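Understanding the architecture of this molecule
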Amino acid sequence: MKLYALAFGAHPDDVEMSCGGTLSMLYRHGKPFGIVDFTRGEMGTRGNAAIRANETKEAAKLLGADVRLNLGVSDSNIELNRKNLLKVVEVIRKYQPEIVFAPYREERHPDHIHAHQLVNDAFFYSGLKKLKTGKLAAYRPRRAFYYMQHRSFIPTMYVDISNDFDTKVAAIKAHKSQFFNPSSKDPETMLSTPEFMEYLLGRMRYHGRMAGVRYAEPFWTHEAVTITNFDAII
Ligand SMILES: [Zn+2]
């Protein structure tokens, strides 16, 4: 199955928080996409692997993902090794996405940094014909877009998610064990405070302001995004 886009995340709710609006927009425009989680988030303070697997499935359905895969890497232990690199190369070759999304290179959680590095490297290596991965042919996507998580950067592209804001928020909240829930008995984390959701929504609004729209998601790319027609400008 060929997909238009693959979005990689270190943990099951990363993609929803960082580029969920963009993925919802792709779905509305008939562009098939998949979400690839490196880990099951089993080291998280709240929830467990089974609870998180159900929440992850629900969130993928809300966003309209065609597939949601898990690379089965241990949470808090995404190692930069050949085995993990080839896992990413294989999934890129199998689904042949035009574009990939991944975490930005500077992050608070080391898993995010390592996921960035593995996707960044696999983006290149997947195009090498002499690098064999079974029957999967060499394939290199057109572009990689790196999304914002904890650390900020100066974006080289914004996506207007004003029409996808509600879907994005619903997909984030599908991860019920992770976010604010007054009846939960799990210990509080940074993500589970009411202030965190307020911050997340405020940041989408802030980037919307920077982009001249209501809500936006910021991305960084190695090459600046270029237009061929001024009508493309919002
Ligand atoms: Zn994460």
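Residues numbered from 1 in each chain as written. Predicted model: local features only at pLDDT ≥ 70, side-chain atom pairs only at ≥ 80, totals over all residues. Heavy atoms only, no water.

With that out of the way, let us pick up the coordination of the zinc ion. The zinc ion binds to the protein through His11 (ND1), Asp14 (OD), Asp14 (OD) and His112 (NE2), with metal-donor distances spanning 2.0 to 2.3 Å. Seen from the zinc ion, its four donor atoms lie at angles of 56 to 124 degrees, and the figure they make is irregular. (Donors = N, O, S within 2.8 Å, 3.2 Å for Na, K, Ca; no water. Tetrahedral: all angles 85-135°; square planar, octahedral: opposite > 155°, others 65-115°.)

Below, the discussion takes up the packing of aromatic side chains. The geometry of an aromatic ring pair is captured by the separation of the ring centres together with the interplanar angle, meaning the angle of the planes. One pass over the structure, following the stated rule, counts 11 aromatic pairs. Aromatic side chains Phe179 and Phe196 sit 6.3 Å apart centroid to centroid with 20 degrees between the ring planes, which places their arrangement in the stacked category. Residue Phe179 is found in the loop between helix H5 (165–173) and helix H6 (194–211), and its partner Phe196 is found in helix H6; the two are separated by 17 residues along the sequence. As far as the burial class goes, Phe179 and Phe196 line up, both buried. The rings of Tyr104, Tyr146, Phe153 and Trp220 are connected pair by pair, giving a single aromatic cluster. (Phe/Tyr/Trp six-rings, centres within 6.5 Å; stacked < 30°, edge-to-face > 60°. Helix = DSSP H or I, 4+ residues; strand = E, 2+ residues; numbered from the N terminus. Buried < 20%, exposed > 50% of the residue type's maximum accessible area, 1.4 Å probe, protein only.)

A word on H5. Among all positions in H5, only Phe165, Lys168, Val169, Ala171 and Ile172 are buried. Along the axis of H5, the buried positions cluster into a sector of 160 degrees, meaning they face one direction only. Buried positions along H5 lie against helix H1 (14–28), helix H2 (49–63), H6 and strand E7 (216–220). (Arc of directions from axis to C-beta. Contact = heavy atoms within 4.5 Å.)

Mapped onto the secondary structure, Ser76 falls in the loop between strand E3 (67–70) and helix H3 (82–95). Taking C-alpha positions, Ser76 is 17 Å from Ala53, a pair spaced 23 residues apart along the chain. Ignoring sequence-local partners within four residues, the contact set of Ser76 consists of Met43, His109 and Asp111.

An order of E3-E2-E1-E4-E5-E7-E6 is seen for the seven strands of this open sheet, with the pairing classed as mixed. The open sheet is flanked by E3 and strand E6 (157–160), the only strands paired with a single partner. Ignoring strand direction, the axes of neighbouring strands in this sheet form an average angle of 25 degrees. Against the sheet, H3 contacts strand E1 (5–9), strand E2 (33–37) and E3, and its axis sits at roughly 160 degrees relative to E1. (Pairing = 2+ DSSP bridges. Axes fitted to C-alpha atoms, helices over the stretch in contact; angles between N-to-C directions.)

Take unusual backbone geometry next. Phi at Ser76 is positive, roughly 60 degrees, even though this residue is not glycine. The class for Ser76 is partly exposed, based on a relative accessible area of 41%. Located in the positive-phi region is Gln96, a residue other than glycine, with phi close to 45 degrees. Structurally, the position occupied by Gln96 is in the loop between H3 and strand E4 (99–103). The class of Gln96 is partly exposed, set by a relative accessible area of 28%.

Counting through the fold element by element, Asp13 comes out in the loop between E1 and H1. Looking at Asp13, the relative accessible area reads 3%, which means it is buried. A distance of 3.4 Å separates the side chain of Asp13 from the side chain of Arg52, its partner in a polar contact. Apart from the residues lying within four places of it in its own chain, the contact partners of Asp13 are Arg52, His175, Gln178, Phe179 and Leu191. (Polar contact = N/O pair within 3.5 Å; in protein donor to acceptor, adjacent residues only side chain to side chain.)

Turning to its location among the elements, Arg214 is positioned in the loop between H6 and E7. Residue classification places Arg214 among the partly exposed residues on the basis of a relative accessible area of 48%. The spacing of Arg214 and His29 is 185 residues in sequence and 19 Å in space, taken between C-alpha atoms. Here Arg214 is in contact with Ser162, Met204, Arg205, Gly208 and Arg209, once residues within four sequence places are set aside.

By themselves, these observations are geometric and do not establish any function.
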